[in-house]
Amino acid sequence: MRNHYDLFINGESVRGHGQAFTTYDPSTGEPLATVARATAADVDAAVRAADRARTAWASVKASDRGRILLRLADLVRQNADELARLETLDNGQALGQARGDVETAARYFEFYGGGADKLMGETIPLGPGYLSYTSHEPYGVIAFVLPWNAPLQQASRGLAPALATGNVAVVKPAEDTPMTTVELARLALEAGVPAGVLNVVTGFGDEAGAALVEHPLVRKIAFTGSVDTGSLIMRTASERVIPLTLELGGKSANIIFEDADIDAAVRSSWTAFTIKSGQVCSAGTRLLVQDSVYDAVVERLAQRAASATLGAGIDDPDIGPLATTAQFDKVSDYLKLGVTEGARVVAGGGAPSDPSLQRGNFVEPTIFADVDNSMRIAQEEIFGPVLCAIRFDDEAEAVALANDTQYGLAAGVWTNDLSRAHRVAAQLDSGQVFVNEYFAGGVETPFGGFKSSGFGREKGFEALRYYTQLKTVTVKVGPS
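Procedures and definitions
- Residues numbered from 1 in each chain as written.
- Predicted model: local features only at pLDDT ≥ 70, side-chain atom pairs only at ≥ 80, totals over all residues.
- Heavy atoms only, no water.
- Helix = DSSP H or I, 4+ residues; strand = E, 2+ residues; numbered from the N terminus.
- Polar contact = N/O pair within 3.5 Å; in protein donor to acceptor, adjacent residues only side chain to side chain.
- Contact = heavy atoms within 4.5 Å.
- Expected span 1.5 Å × (residues − 1).
- Buried < 20%, exposed > 50% of the residue type's maximum accessible area, 1.4 Å probe, protein only.
- Salt bridge = Lys/Arg side-chain N within 4 Å of Asp/Glu carboxyl O.
- Phe/Tyr/Trp six-rings, centres within 6.5 Å; stacked < 30°, edge-to-face > 60°.

S.K.: Before we move on, could you go through the side chain of Asn254 and cite the residues and values that matter?
M.R.: Counting through the fold element by element, Asn254 comes out in strand 13 (residues 253–256). A polar contact of 3.0 Å, which involves the side chain of Asn254, links it to the side chain of Ser269. If we ignore the near neighbours within four places in the chain, the residues touching Asn254 are Ser269, Ala272, Arg286, Leu287, Leu288, Gly412, Val413, Trp414 and Tyr438.

Pasting the structure below:
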């Protein structure tokens, strides 16, 4: 681990013009490292470096770009232990989960490295005398503004398809968790990504982030984070008339029908709201359970919560600290609100009493029972290890409750009735539906939201299309 992290511009470490700031270990509150604070001038330098590099990178044969990304995937795996440790220290997640994120990051570069030369256009049958065809072309400079919950995975998810299709990038990681993004840029240079193609500007949203999305040479924006910030970025994009991909919040329903495999449903439902300490946009935080099995499911989840281990992420507990002090305060307020609204606490409910955890951002895994879907704790994204258990009577009510939210990022369905699984999945207002396994899918499956959860798609082959613009060429080849 470095003591200081610079900006990464045009293949070089750059100190930047702002006053360096400090990041902190969320498990202890102790300082981790100092980080360069990018100003608008630094962002301008990064964007211009990317713009200078874009023509040459777009001209590289697609299969050669793919080979470079495959080398980057290998380098990520070779440095997996270091990257996982940095990620854990930076955002607090359990070390085993950080290792999983590193492998997922490598898999992104592997998948899109293999797909770089497989995005093809179409020919359009206009009839004799014409040749009409389409091609996919890069946008140019893409601005990535990243969240703090999974920095390395989130950076790789967008960068891999963007670079594969010939775009160049400037990345602004969250100020709380910048380390692995800077290290990824270094590895990309080592893998053969030319200087200027991938740049990283560390700093704050109202400075570096705003300067980046407003820069006139940026041709597309990709943002993952809160609805409020996404709305602000969308206004900027609309004023500049440039496209953007938004992956925003969620309040995802995880539906357990009475005919489900209850053992499997309980195990997966636990993971659905506790992985990364609940700091996942697609977390299954509204548990809808059919009345006949409701009490049994809630009791078993409460027992699992009682046995959960909490601790520093580096010790690989069940649940690590929340990534930031601000998030800890927010989640703590929601725990109080749930009681005020009349929900019944059957597990957790506050900060742990263990003296060794008092300096960190720790929250007990909390389960609220007897939750009404109109309560704020059921409608608003808490972004912590907090579950709202809601009863339903029949299939129609389950679907109505699941869709009664501003969000539409993910949903889970648990049933052994194949017809019901497909029938319910078709009715859910959600960008992805997991059946009989929450978080089913992978790098290959397109990901994105309905409603206030955003638009555009990451992951899967679909992402290659979202990082390109379509050109149509029509040629009259017959006699005049």
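Back to the write-up after that little detour.
S.K.: Mind laying out helix 10 (residues 291–306), listing which residues take part and the relevant values?
M.R.: The terminal C-alpha atoms of helix 10 lie 23 Å apart, and with 16 residues this matches the ideal 22 Å at 1.5 Å per residue to within 8%. By the burial criterion, the buried members of helix 10 are Val293, Tyr294, Val297, Val298, Leu301, Ala302 and Ala305. Those residues of helix 10 hidden inside the fold are in contact with strand 13, helix 9 (262–274), strand 14 (286–290), strand 15 (344–347), strand 16 (366–369) and strand 17 (386–392).

S.K.: Help me get a handle on the pattern of salt bridges, residues and values and all.
M.R.: With the rule as written, the count across this model stands at 27 salt bridges. Where Arg37 meets Glu207, a salt bridge forms, and the shortest distance between an N and an O atom there is 2.8 Å. Linking Arg37 in the loop between strand 5 (31–35) and helix 1 (40–59) with Glu207 in helix 7 (residues 205–214), this pair joins segments that are 170 residues apart in sequence. By relative accessible area, Arg37 is classed as partly exposed at 27%. The partly exposed category is assigned to Glu207, whose relative accessible area is 31%. Its salt-bridge partner being Lys471, residue Glu137 comes within 3.1 Å of it at the nearest N-O pair. Here Glu137, found in strand 7 (residues 130–138), pairs with Lys471, found in strand 23 (residues 468–476); they are 334 residues apart in sequence, far enough to count as distant. A relative accessible area of 28% means that Glu137 is categorised as partly exposed. Lys471 gets classed as partly exposed once you look at its relative accessible area, which sits at 38%.

S.K.: Explain the environment of Ala253 to me, using residue names and the numbers behind them.
M.R.: When you line up the elements, Ala253 lands in strand 13. C-alpha of Ala253 to C-alpha of Ser282: the two residues are 29 residues apart in sequence and 9.5 Å apart in space. Those residues in contact with Ala253 that lie beyond four places of it in its chain are Arg286, Leu288, Ala402, Ala410, Ala411, Gly412 and Tyr438.

S.K.: Requested: an account of the packing of aromatic side chains, with residues and values cited.
M.R.: In the structure shown here, the tally under the stated rule is 9 aromatic pairs. Where Phe111 meets Tyr112, the ring centres are 4.9 Å apart and the plane angle is 90°; that geometry is what we call edge-to-face. Take Phe111 and Tyr112: they sit in the same class, and that class is buried. Summarising the aromatic geometry, the rings of Trp270 and Phe273 are spaced 5.5 Å apart at their centres and angled 85° between planes, so their arrangement reads as edge-to-face. You can see Trp270 and its partner Phe273 sitting in helix 9, 3 residues apart, about one turn around the helix. Considered together, Trp270 and Phe273 belong to a single accessibility category, that of buried residues. Three or more aromatic residues link up through ring pairs in this structure, and these residues are Phe434, Tyr438 and Phe439.

S.K.: How would you sum up helix 3 (residues 80–91)? Please name residues and give values.
M.R.: Given a rise of 1.5 Å per residue, 12 residues ought to cover 16 Å, and the 16 Å separating the end C-alpha atoms of helix 3 matches this to within 8%. All of the buried residues in helix 3 are Leu83, Ala84, Leu86, Glu87, Thr88, Leu89, Asp90 and Asn91. Positive phi shows up at Gly92, right after helix 3, with a value of about 90°.

S.K.: So what about unusual backbone geometry? Which residues, and what values?
M.R.: Residues other than glycine seldom take positive phi values, yet Phe439 does so here, at roughly 70°. Relative to the helices and strands, Phe439 resides in the loop between strand 20 (432–435) and strand 21 (450–451). Positive phi, normally seen in glycine, also occurs at Lys451, with a value near 50°. Following the sequence through the fold, Lys451 ends up in strand 21.

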